[in-house]
Amino acid sequence: VMNDIITTMFNRKFMEELFKPQDLYSKKALRTVYDRLAHASIMRLNQASMDKLYDLMTMAFKYQVLLCPRPRDIMLVTFNHLDAIKDFISDSPGILNQVDETFRRLIETYNCLSDGEFQLIRQTLLIFFQDMHIRVSIFLKDKVQNSNGRFVLPISGPVPWGTEVPGLIRIFNHKGVEVKRSEFTTAGNYITPQREGSFELYGDRVLKLGTNMYSVTRPVETHMSGSSKNLASQAKENVAPNPLAKEELNFLARLLGGLDIQKPAGGETGFRLNLFTTDEEEEHAAQTRPEELSYKVINIEATQEPARRAELSRILGELELAEPRPGSAEKGEDLLALMDGL
């Protein structure tokens, strides 16, 4: 299941589309892509579990972006995500090469940006998530989220790399010479970081944001805060279809395959993932969730015209990565096929 999802997520053509300069996706477009990636394997989730998984993902990502010590550290958070993904597929060299290629593209595209450009990226992401205040039990227990769903910013700990511990004021004259200094007491207990995280393909990221939150096993729940419910009821999304948005989603669907996963032989339909303790709890969550917050899956048309079916079948074939056959005498062909897959 993990191999199927990661192979689809890091498909070369899909990554090329994501790396093109473009406006931020709408929330509906993001949810549609997320649904398709989550169902890229035989795993299936019903609406309530899918909503819960999406809530967990969005709030965890908002938390990581919000608590970045400096805007450039968004890269380190992303590298932590990719490092964890590489651990999942360490025994699949073909898929690992796909992830490494994305790693290199990230380094090439973003390492050269200025601090101001990273600040713009960070603010854009936070604006996207600013109205989402979903309570998550793991954050509530760790005291990093208030009961209203808003995150708590720490006033202690390491300061951003390249900055000094607050508590000193320097005064300079018009020639740039320091003429006076004074100290003040801070409310927090700040420390200087020992080293900067690595922005290379391999290395110690130092920053822990983006690493596994579930290293200690514990139940995870999501609940809508009162303010979020009120906001959702007051500001419903415009349900009128936007032709541009539909065209964008159609294009994303083509990139992601656009075809339903064929059922395995023998009547086996795969397995279903339930993020709730029981099926009854899942059904109750689906019934009580506000309609405004339940994303409807957009069905992309896959008509029966031979030309369109052939095109979709061709794209689906490109998303499948054949593993090298052990003991094959034609190792050169396997290597070439692997390089073509990058």
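Criteria and thresholds
- Residues numbered from 1 in each chain as written.
- Predicted model: local features only at pLDDT ≥ 70, side-chain atom pairs only at ≥ 80, totals over all residues.
- Heavy atoms only, no water.
- Helix = DSSP H or I, 4+ residues; strand = E, 2+ residues; numbered from the N terminus.
- Areas by Shrake-Rupley, 256 points an atom, 1.4 Å probe, with all protein chains shown as cover.
- Phe/Tyr/Trp six-rings, centres within 6.5 Å; stacked < 30°, edge-to-face > 60°.
- Buried < 20%, exposed > 50% of the residue type's maximum accessible area, 1.4 Å probe, protein only.
- Lys NZ or Arg CZ within 6 Å of the ring centre and 35° of its normal.
- Axes fitted to C-alpha atoms, helices over the stretch in contact; angles between N-to-C directions.
- Left-handed = near helix turned anticlockwise from the far one by under 90°.
- Contact = heavy atoms within 4.5 Å.
- Salt bridge = Lys/Arg side-chain N within 4 Å of Asp/Glu carboxyl O.
- Polar contact = N/O pair within 3.5 Å; in protein donor to acceptor, adjacent residues only side chain to side chain.
- Expected span 1.5 Å × (residues − 1).
- Pairing = 2+ DSSP bridges.

As annotated in an unreviewed UniProt entry, the protein carries the name OSCP1 protein and is attributed to Regulus satrapa.

A. Examining the overall build of the protein more closely. Secondary structure summary: the protein contains 13 helices and 6 strands in total. Total accessible area on the protein stands at roughly 20900 Å², and carbon and sulfur atoms take up 55% of it.

B. Representation of the packing of aromatic side chains within the structure. Tallied over the full model, the rule gives 7 aromatic pairs. Centroid distance Phe139 to Phe151: 5.4 Å. Interplanar angle 75°. Geometry classified as edge-to-face. Highlighted residues: Phe139 in helix H8 (residues 137-141) and Phe151 in the loop between H8 and strand E2 (157-158), separated in sequence by 12 residues. Residues Phe139 and Phe151 agree in their burial class; the two are buried. Sitting over the ring of Phe128, Lys27 keeps its end group 4.4 Å from the ring centre.

C. The arrangement of the packing of helix H4 (residues 47-66) against helix H7 (residues 115-129) in detail. One can describe the packing of H4 onto H7 by two numbers: an axis separation of 10 Å at closest approach and a directional angle of 145°. Pair H4 / H7 crosses with left-handed handedness. Of the residues in H7, those touching H4 at Thr58, Phe61, Lys62, Val65 and Leu66 are Arg122, Leu125, Leu126 and Phe129.

D. Summary view of the pattern of salt bridges. In this structure the tally under the stated criterion is 13 salt bridges. Close ionic contact of Asp83 with Arg205 constitutes a salt bridge, the shortest N to O distance being 2.9 Å. Residue Asp83 is located in helix H5 (residues 74-88), and its partner Arg205 is located in the loop between strand E5 (190-191) and strand E6 (222-224); the two are separated by 122 residues in the primary sequence. Given a relative accessible area of 22%, Asp83 falls into the partly exposed group. Among the residues examined, Arg205 registers a relative accessible area of 3% and is labelled buried. Put simply, Arg170 and Glu164 hold a salt bridge, and the shortest N to O gap is 3.3 Å. Residue Arg170 is classed as partly exposed on the basis of its relative accessible area of 34%.

E. Representation of the side chain of Gln98 in the model. Along the chain, the position of Gln98 falls in helix H6 (residues 93-110). Classification of Gln98 as buried rests on a relative accessible area of 7%. Polar side-chain contacts of Gln98 include one of 3.1 Å to the backbone oxygen of Phe10.

F. Seen up close, the environment of Asn189. Tracing the chain through its elements places Asn189 in the loop between strand E4 (178-183) and E5. When its relative accessible area of 57% is taken as the criterion, Asn189 is described as exposed. Along the primary structure Asn189 and Val165 are separated by 24 residues, whereas in three dimensions their C-alpha atoms are 9.1 Å apart. Residues within four places of Asn189 in sequence aside, it is in contact with Ile155, Ser156 and Gly157.

G. Region of interest: helix H3 (residues 27-38). Look at H3: 16 Å from first C-alpha to last across 12 residues, which is about the 16 Å you get at 1.5 Å a residue. Considered for burial, the residues of H3 that qualify are Ala29, Arg31, Thr32, Val33, Tyr34, Asp35, Leu37 and Ala38.

H. Quick peek at the pairing of strand E3 (residues 168-172). Sheet topology note: the E3/E4 ladder contains 5 bridges and is antiparallel. Across the sheet, the residue bridging to Ile171 is Lys180, located in E4. The loop that links E3 with its antiparallel partner E4 comprises 5 residues; one of these, Gly176, has a positive phi angle of about 85°.

I. Here's a closer look at the side chain of Ser41. Structurally, Ser41 can be placed in the loop between H3 and H4. At 3.2 Å, the side chain of Ser41 forms a polar contact with the backbone nitrogen of Met43.

J. Quick peek at H5. Its 15 residues place the ends of H5 22 Å apart at the C-alpha level, agreeing with the 21 Å of an ideal helix rising 1.5 Å per residue. Ile74, Met75, Leu76, Val77, Phe79, Asn80, Leu82, Ile85 and Lys86 are the residues of H5 that are buried. Packed against the buried residues of H5 are helix H1 (2-9), H4, H6 and H7.

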